[in-house]
Structures are given as C-alpha cells and as structure tokens.
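Residue strings, one per chain:
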Amino acid sequence: MTDVTIGRPAALPAPIIDRAPALVAGGALLVGFLAITQLIDLRQAALFMVGGLLGAALYHGSFGFTGGWRRMVVERRGRGIRAQMLMIGVAAVAMIPLIAAGNLGDQALVGAMGPVGVSVIVGATMFGLGMQLGGGCGSGTLFTVGGGSSRMLVTLVFFIIGALVGTAHLPWWLTLPSLGTIDIGRELGTGTAVLAALVGLGLVALVTALIERRAHGNIETEPVPSRAGWNWLTYGPWPLVGAGLLLALLNIATLLLAGHPWSVTFGFGLWGAKAAQAVGVPVETWEFWNWPGPQTALQSSVLADVTSVMNFGIVLGAALAASLAGRFAPKAKIPLGSFLAAVVGGLLMGYGARLSFGCNIGALFSGIASGSLHGWLWFACAFVGSLAGVWARPLFGLDGFSRK
C-alpha cells in the first residue's frame, strides 16, 4: 500500500497481538529472571535478560547470517552482510581494548579465541553448508524457534545431536596441524588490531557494494520504519542496521557481565551431554567433558551455564517479539524434503561448530570482535561452505540458485 500524497509506503496498521503466547513468553522471562536470581545470582539473571533482548533484536530485525549470505550469492544484494560487518566493527572497537586490558574491576575479561588449524577449516566449511540446509545459523535457529517455527525446532534437535558427537571427536581433530591461537591484539598491539579489524570488515562491505552496483546499477538502501511513530520498537520490524548496532552493544554487555563474549553452541553440546547422561551414556568419561570448563558445566545445573541461560532468553525474547508483532504461528506440517534438509543441516552445524570453536556468533562475530585470527578463517571457510549449501538447497526442494 502506498501513500500517493508523499510517494512512500504508508505505515502498517497496529498488529493484532497474539495475547496468550505474549503472556506466556513475558511471564516466563519474569519468572526465569527471579528464579535464576534466587538459585544462582543477579549477574546470571541479568545475562538471561540480555539473552531476551538479543532474541527480540534478532527477531524484529530478522537478523540472520544465513539469509544475508544467501541473498548476496543468489540476488547479488549485500545489505545484510554490510549490516553484519558494521555490527562486528562496533563491537571490536570496544571489545579488543577491553580484552587487552584483561579485567574491569574484579571481573576478568577473556576473548573468544580459537586455534587456526585444520579443525576450524573443516568445521566452519561444514557449518556453512549446514546453515543453508538447516535454514538458520546458531542464533538464527534460536530466534526462529522462539518465533514458532516447527521446522527450525527439528534443526535445533539435530544441531544438539551434532554438537554432542562433535565433543566426542574434537580431541582427535585437535591432533591435526594447527598454528595455535593467534591473538591479533597481542601480536600487533591493541590500536593496530582494532584498525586491522575495521579495515578487513570495511573491505568485505566494499566488495559487496561493488558486486551489487555492478549487478543492479545501485546499492539497496535501508528502508524507513514501516509503522507510525515509535510503534516499530514494540511491534517491529526493526531496521537491519539498528538491530545490528543493538546486537553489538549487547555483546559488549555480555563481555562485561560474563567475562567473555556472546556464544551459542557450547550450550547445545551441554544439553546433548546432559540428555545422553540421563539415558545412560557415560559422556563424563569422554576426554572433552574432562577438560576443566566442560567438566564444571556438566556437573552443574544448566542455569549456572552462561551460554545456556542466554540461549533460553533468546528463545523467550523472540517468542515475545513474535507475539507482539502478531506473527507467532507454529506450523506442524513440514514437507519431507525440508525435514531431511533440517536434519542434515542441524547435524552439520552442530558438529562443525564444535570442531571450529563456535558458530556465526561465537567464532565469527565474537571471534573477530575479540581480535582472534581464527574468526577470519572461520568466516572465509563458512562462506565457501555456504556457497555449496545454496547450490544444494534445490536437491531438498528448497530455493537456491535459480534454474533457468
């Protein structure tokens, strides 16, 4: 609908709120906050609410890496990737110096670091392929599940299974060639590391703009909010750039509260390990679950795990956002091809994320923003895998490269 008097799209009407899901999601966020405060502490409860804000931003901004990458490949439109680069750059300006400082008051600060080796190359490539088949990345899977997608619930289940299997195999993968962890901030100095990150991210954004202009003769601009006044803040949709900037600020907040940046997929492996333990699988004897961090997480409540409580918050925050937008609409029917793609994609993402020390959030976003070289390697390999995934989507009855 267009307002011909001013020549731009007319504002969308206020949505019909899905009241019951909104009350359940909002109530769960409140009860969860109070319960985590009581059972763990206020800091952990605050991280749960940060997860809720992340879920709302991801949902209202439709901020997923999968769709943005596929749109660049298929349509030659790079607005999504440029928003991602801006988001990472804003986070890097704050996070690289904070991590270099090592602490803020009594809170130790560490980055999302990983080795530069074969495991990352293989795992990230698998993840890129899987996210195009599964239909979402790590964060994308969570916020779409929160929005009511039954297909993405299938992806999440097999994501968890793949992550668990990855924990069994990771020690072997780490015996393969690796340069070890390379902290760009430590190697080049904090200022140079920030500059290098911004230059690298800027070059990626520039390449997408040049490709887009060559293909279309123009660069797609950010649309204006489609609701009157400030209603878009409550009901969505949010501008992609605005959502990305909020995600950057929330990642910085996560670093300050938790002592490490935002991550997603460790929680999936932990949930899988606890479920396996419950049915008698002795995961506590596996080497990975005897490393100090994983061992502590396995022996403790999931509410004591930062990644888990933030993941729970993301799902609930997205559910609340979807309900307020009048778009919480679970659908049980999934075509067979789409179901199989969700299974394969989830397994690939779970396994690949464990091998490559994170997903689009823990490895790419938080990795690059921390100054870890493995984040750049992850980005390159995952994009190659994503190209293969876009090509493979039609084999499962999904959209991909156009067939002309």
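Residues numbered from 1 in each chain as written. Predicted model: local features only at pLDDT ≥ 70, side-chain atom pairs only at ≥ 80, totals over all residues. Heavy atoms only, no water.

Novice: Explain the overall build of the chain to me, using residue names and the numbers behind them.
Specialist: Across its full length, the chain carries 17 helices and six strands. Here the chain has a C-alpha radius of gyration of 21 Å; the compact-globule value for 404 residues is 22 Å, and the two agree. Counting only C-alpha atoms and orienting by the principal axes, one finds that the chain spans roughly 70 × 50 × 45 Å. Counting the 404 residues in the chain, one finds 50% classified as buried. In the chain, of all internal contacts separated by at least 6 residues, the share reaching a separation of at least 24 is 78%. With the model as given, the accessible surface of the chain reaches about 17,300 Å², and the carbon-plus-sulfur share is 69%. Side chains of the chain carry 22 positive and 14 negative charges; the gap between the two charge centres is 12 Å. (Helix = DSSP H or I, 4+ residues; strand = E, 2+ residues; numbered from the N terminus. Rg over C-alpha atoms; globule rule 2.2 N^0.38 Å. Buried < 20%, exposed > 50% of the residue type's maximum accessible area, 1.4 Å probe, protein only. Contact = heavy atoms within 4.5 Å. Areas by Shrake-Rupley, 256 points an atom, 1.4 Å probe, with all protein chains shown as cover. Lys, Arg positive; Asp, Glu negative; His and termini not counted. Charge placed at Lys NZ, Arg CZ, Asp CG, Glu CD.)

Novice: How would you summarise the packing of helix α12 (residues 265–278) against helix α13 (residues 292–299) if you had to cite specific residues and measurements?
Specialist: At a minimum axis separation of 10 Å, α12 and α13 run at an interaxial angle of 55°. Classified by the interaxial angle, the pair formed by α12 and α13 is oblique. Crossing handedness for the pair α12 and α13: right-handed. Within the contact between the two elements, α12 uses Phe266, Leu270, Ala273, Lys274 and Gln277 and α13 uses Pro294, Ala297 and Leu298. (Axes fitted to C-alpha atoms, helices over the stretch in contact; angles between N-to-C directions. Parallel < 35°, antiparallel > 145°, perpendicular 65-115°, else oblique. Left-handed = near helix turned anticlockwise from the far one by under 90°.)

Novice: Describe the side chain of Ser308, listing the residues and the values that go with them.
Specialist: Note on placement: Ser308 falls in helix α14 (residues 306–324). Within the structure, Ser308 has its side chain in polar contact with the side chain of Asp305 (distance 2.7 Å). (Polar contact = N/O pair within 3.5 Å; in protein donor to acceptor, adjacent residues only side chain to side chain.)

Novice: Could you give an account of the nonpolar core, naming the residues involved and the relevant values?
Specialist: Ranked by size, the top nonpolar core spans 79 residues in total, and within it Phe63, Trp69, Ile88, Phe127, Trp262, Phe268 and Trp378 carry the most contacts. The element best represented in this core is helix α4 (residues 79–101), accounting for 11 residues. By size, the runner-up hydrophobic cluster in this structure holds 11 residues, among which are Leu164, Leu170, Val283 and Trp289. (Core = buried A, V, L, I, M, F, W, Y, C linked by side-chain atoms within 4.5 Å.)

Novice: Give a detailed account of the packing of aromatic side chains, specifying residues and quantitative values.
Specialist: With the rule as written, the count across this model stands at 15 aromatic pairs. Where Phe288 meets Trp291, the ring centres are 5.2 Å apart and the plane angle is 55°; that geometry is what we call tilted. Aromatic ring contacts, followed pair by pair, group Phe127, Phe159, Phe268, Trp271, Phe312 and Trp378 into a single cluster. (Phe/Tyr/Trp six-rings, centres within 6.5 Å; stacked < 30°, edge-to-face > 60°.)

Novice: Quick one: what's the story with the environment of Leu47, residue by residue and with numbers?
Specialist: Within the element layout of this structure, Leu47 appears in helix α2 (residues 42–60). Assessed through its relative accessible area of 0%, Leu47 is described here as buried. Residues Leu47 and Ala253, 206 residues apart in the sequence, show an inter-C-alpha distance of 8.7 Å. Setting aside anything within four residues of it in sequence, one finds Leu47 in contact with Thr254, Leu257, Ala258, Val306 and Met310.

Novice: Please give an account of a nonpolar patch on the surface that cites residues and values.
Specialist: On the surface, Leu153, Val157, Ile161, Val165 and Leu347 cluster together into a nonpolar patch covering about 360 Å² of accessible area. At four residues, the largest contribution of residues to the nonpolar patch is made by helix α7 (residues 150–173). Assignment of secondary structure puts Val157 in helix α7. (Patch = residues over 30% accessible without salt bridge, like charges linked within 9 Å, V, L, I, M, F, W, Y side chains within 5 Å. Salt bridge = Lys/Arg side-chain N within 4 Å of Asp/Glu carboxyl O.)

Novice: Give a detailed account of the pattern of salt bridges, specifying residues and quantitative values.
Specialist: Counted by the stated rule, this structure contains seven salt bridges. Taking the shortest distance from any N to any O, the salt bridge between Arg82 and Glu212 comes out at 2.8 Å. Placement of Arg82 in helix α4 and of Glu212 in helix α9 (residues 190–216) is noted, with a sequence separation of 130 residues between them. The residues Arg82 and Glu212 share a single accessibility class, namely buried. Between Arg393 and Asp399 there is a salt bridge, with its nearest N and O atoms 2.7 Å apart. Taking the relative accessible area as the measure of exposure, Asp399 reaches 48% and is therefore partly exposed.

Novice: Before we move on, can you summarise α14 with the specific residues and values?
Specialist: Here α14 contains 19 residues, and its C-alpha end-to-end distance of 27 Å stays within 8% of the 27 Å for a straight helix at 1.5 Å per residue. Within α14, 14 of the 19 residues are buried, leaving the element largely enclosed by the surrounding structure. At the exit of α14 stands Gly326, carrying a positive phi of roughly 70°. (Expected span 1.5 Å × (residues − 1).)

Novice: How would you summarise α12 if you had to cite specific residues and measurements?
Specialist: With 14 residues, α12 extends 20 Å between its outermost C-alpha atoms, agreeing within 8% with the 20 Å of an ideal straight helix rising 1.5 Å per residue. Of all 14 residues in α12, 10 are buried; the element is thus mostly enclosed. Restricting attention to buried positions, one finds in α12 the residues Thr265, Phe266, Gly267, Phe268, Gly269, Leu270, Trp271, Gly272, Ala273 and Ala276. Buried residues along α12 sit in contact with α6 (138–146), α7, α13, α14 and α15 (336–355). Just downstream of α12, Gly280 is the residue with a positive phi angle, here 100°.

Novice: Account for unusual backbone geometry, naming residues and giving values.
Specialist: Positive phi values are uncommon outside glycine, yet Ser62 reaches one of about 45°. Note that Ser62 resides in the loop between α2 and α3 (65–75). Under the relative-accessibility criterion, Ser62 is labelled exposed at 52%.

Novice: If you had to explain the environment of Leu23 to someone new, which residues and values would you point to?
Specialist: Position of Leu23 relative to the elements: it lies in helix α1 (residues 19–39). Measuring from C-alpha to C-alpha, the distance between Leu23 and Gly397 comes to 36 Å, with 374 residues separating the pair along the chain.

Novice: Which residues make up the state of the cysteines, and what are the values?
Specialist: Within the structure shown, the criterion is met by zero disulfides. Considering cysteine sulfurs only, Cys359 is the nearest to Cys137, which forms no disulfide, with 6.9 Å between them. Just so you know, Cys381 is unpaired, no disulfide at all, and the nearest cysteine sulfur is the one on Cys359, 15 Å from it. According to the relative accessible area criterion, Cys381 is buried, its value standing at 11%. (Disulfide = S-S within 2.5 Å.)

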